[in-house]
Amino acid sequence: MPLHIETPIVESRPLSLSSGRCILLKLDALQPCGSFKIRGIGLACSTHRERGAQRFISSSGGNAGLAVAYAGRMMSVPVTVVVPETATARAKELLRQENAEVIVCGDSWQEANDHALSLVGPSDAFIHPFDDPLLWRGHATLINEVVKSGWVPDAIVLSVGGGGLLAGVAEGLRRHRWDRIPIIAVETDGAASFHAAMQAGEIVELSRITSIATSLGAKRVCHKALEWTTVRPVQSLVVSDRSAIVACQRFLDDHRLLVEPACGASLAPLYERRPELERFETVLVVVCGGVTTTFEHIRHWAVNEPIDFH
Ligand SMILES: *Cc1c(COP(=O)(O)O)cnc(C)c1O
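Because the structure is a prediction, the values reported are computed rather than measured.

Trainee: Explain the side chain of Ser243 to me, and be specific about the residues and the numbers.
Mentor: Here Ser243 shows up in helix α11 (residues 241–255). A distance of 2.7 Å separates polar atoms of two side chains, one belonging to Ser243 and the other to Glu272. Every residue in contact with Ser243, bar those within four places of it in the chain, is listed here: Ala268 and Glu272.

What follows is the structure, given as structure tokens:
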């Protein structure tokens, strides 16, 4: 039994009307731990379990760490998540709700990750948030469900952090011989490591992340994500943090679902009727979800108030 669920595909009537095309939502915000991440991480964790892993280790204080914690709880495997001191109180609370052991270590993610790696013993499995073929294979199940639904989109819009979701969706499209359907890869300004890589034709490391969309904050994307751009149509789009927040607010009103700015980023080009989407009749948006944002956060960001996450 997979740990993820099959999520609904529904038409967004408000978005279809305002954009003059058919906008489909793949509602992965409804996954048990609030994001698509459980698709790939669920598969990675079950595979490592079958190979004898006695513990899962992660260094993500976001949706990836949460998915590992959820997978561990469901499979009765202990989970350790190492997070930096900057991790929010909410992130730690969510991880503990899933019974994960939370270790706080270091000023930045890099240090937390180094410590996490140093803990990995012979019977432990380290679960990477985006750079692992097992993850991509798990994320590809999203496309199986689209095919099964009978809808055939002309384009697929999704958010890019480290590029795991993109690599998984591309793999799923390949599996069903849907290689000609373009992927529109969206990032926020200040977290646009995929955009930088596409422009340079090689992996680029950003010196820092300045976007509020922390789930998109990988300084460098995985090679696989860039590789896909050379063998299939992929278009990179960058939106502002503001656009992502406004999209979150509008989406909450339209569909009564609260999502992170990382997900609002993918909704923003539709709400803003970006010209890059004009040529498509049916557009499917991966509503990737995310649980690190509350209504209070959105409200604060919307009026430009600083947020004390602790
Ligand atoms: C992880 C995540 C992303 C980015 O996915 P990558 O596989 O890192 O590209 C986007 N949105 C949400 C909500 C996420 O949790």
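That covers the picture; the talk isn't over yet.
Trainee: Could you give an account of the site of the ligand, naming the residues involved and the relevant values?
Mentor: Inspection of the region around the ligand gives 16 residues, with Lys37, Asn63, Gly161, Gly162 and Gly163 positioned closest. In this structure, Asn63 approaches the ligand through a side-chain N or O atom, which is 2.8 Å from an oxygen atom. Coverage of the ligand by the protein amounts to 98% of the 380 Å² it exposes when considered alone.

Trainee: I'd love a proper account of the pattern of salt bridges, names of residues and values included.
Mentor: Per the counting criterion, the structure on display carries 13 salt bridges. The partner of Arg21 in a salt bridge is Glu278, with the nearest N and O atoms 3.3 Å apart. Placement of Arg21 in the loop between α1 (13–19) and β2 (22–26) and of Glu278 in the loop between α12 (261–271) and β10 (282–286) is noted, with a sequence separation of 257 residues between them. On the basis of relative accessibility, which here comes to 44%, the residue Glu278 falls in the partly exposed class. Measuring nitrogen to oxygen at the nearest pair gives 3.0 Å for the salt bridge that ties Arg299 to Glu296. Here the residue Arg299 and the residue Glu296 both occupy positions in helix α13 (residues 295–302), the gap between them amounting to three residues, near one helical turn. Note on Glu296: relative accessible area 39%, which makes it partly exposed.

Trainee: Give a detailed account of helix α2 (residues 37–50), specifying residues and quantitative values.
Mentor: The terminal C-alpha atoms of α2 lie 20 Å apart, and with 14 residues this matches the ideal 20 Å at 1.5 Å per residue to within 8%. The buried count for α2 comes to 10 of 14 residues, which makes it a mostly enclosed element. Within the sequence span of α2, burial applies to Lys37, Ile38, Arg39, Gly40, Ile41, Gly42, Ala44, Cys45, Thr47 and His48. On the buried face of α2, the contacting elements are β2, β3 (55–58), α3 (63–75), β6 (124–126), α6 (133–139) and α7 (141–149). Once α2 ends, the next one or two residues include Gly52, with phi positive near 105 degrees.

Trainee: With reference to specific residues and values, describe the domain arrangement of the protein chain.
Mentor: Assigned domains of the protein chain: these are domain 1 (9–36 + 134–304) and domain 2 (38–131). Placing a centre on the C-alpha atoms of domain 1 and another on those of domain 2 gives a separation of 24 Å. The partner domain 2 presents 20 residues to the 29 residues of domain 1 that form the contact. Both sides of the domain 1 and domain 2 interface together cover about 1900 Å² of buried area, and 62% of this is carbon and sulfur. Ionic pairing is found between Arg39 and Glu145, a salt bridge with its closest N-O pair at 2.8 Å. Where domain 1 meets domain 2, there are 11 residue pairs in polar contact (both at pLDDT 80 or more). Listing elements by their share of the side of domain 1 that touches domain 2, those giving two or more residues are α6 and α7. If you tally residues by element for the side of domain 1 that touches domain 2, the top one is α6, at six residues.

Trainee: Tell me about the nonpolar core, and please be specific about residues and values.
Mentor: By size, the foremost hydrophobic cluster in this structure holds 100 residues, and its most contacted members are Phe56, Ile156, Leu158, Leu166, Phe251, Leu267 and Val287. Ranked by the residues each element gives to this core, the list is headed by α3, at eight residues.

Trainee: Report on the sheet that holds β6, specifying residues and quantitative values.
Mentor: One open sheet accounts for four strands, arranged β5-β4-β3-β6; its pairing is parallel. The sheet terminates laterally at β5 (101–104) and β6, the two strands that pair on one side only. Here the strands of the sheet are splayed against their neighbours by 20 degrees on average, with no regard to which way each runs. Direction of pairing for strand β4 (residues 79–83) relative to β5: parallel, over a ladder of four bridges.

Conventions we followed
Residues numbered from 1 in each chain as written. Predicted model: local features only at pLDDT ≥ 70, side-chain atom pairs only at ≥ 80, totals over all residues. Heavy atoms only, no water. Helix = DSSP H or I, 4+ residues; strand = E, 2+ residues; numbered from the N terminus. Polar contact = N/O pair within 3.5 Å; in protein donor to acceptor, adjacent residues only side chain to side chain. Contact = heavy atoms within 4.5 Å. Near = heavy atom within 4 Å. Areas by Shrake-Rupley, 256 points an atom, 1.4 Å probe, with all protein chains shown as cover. Salt bridge = Lys/Arg side-chain N within 4 Å of Asp/Glu carboxyl O. Buried < 20%, exposed > 50% of the residue type's maximum accessible area, 1.4 Å probe, protein only. Expected span 1.5 Å × (residues − 1). Domains from an automatic or database assignment. Buried area = accessible area lost by both parts, 1.4 Å probe. Core = buried A, V, L, I, M, F, W, Y, C linked by side-chain atoms within 4.5 Å. Pairing = 2+ DSSP bridges. Axes fitted to C-alpha atoms, helices over the stretch in contact; angles between N-to-C directions.

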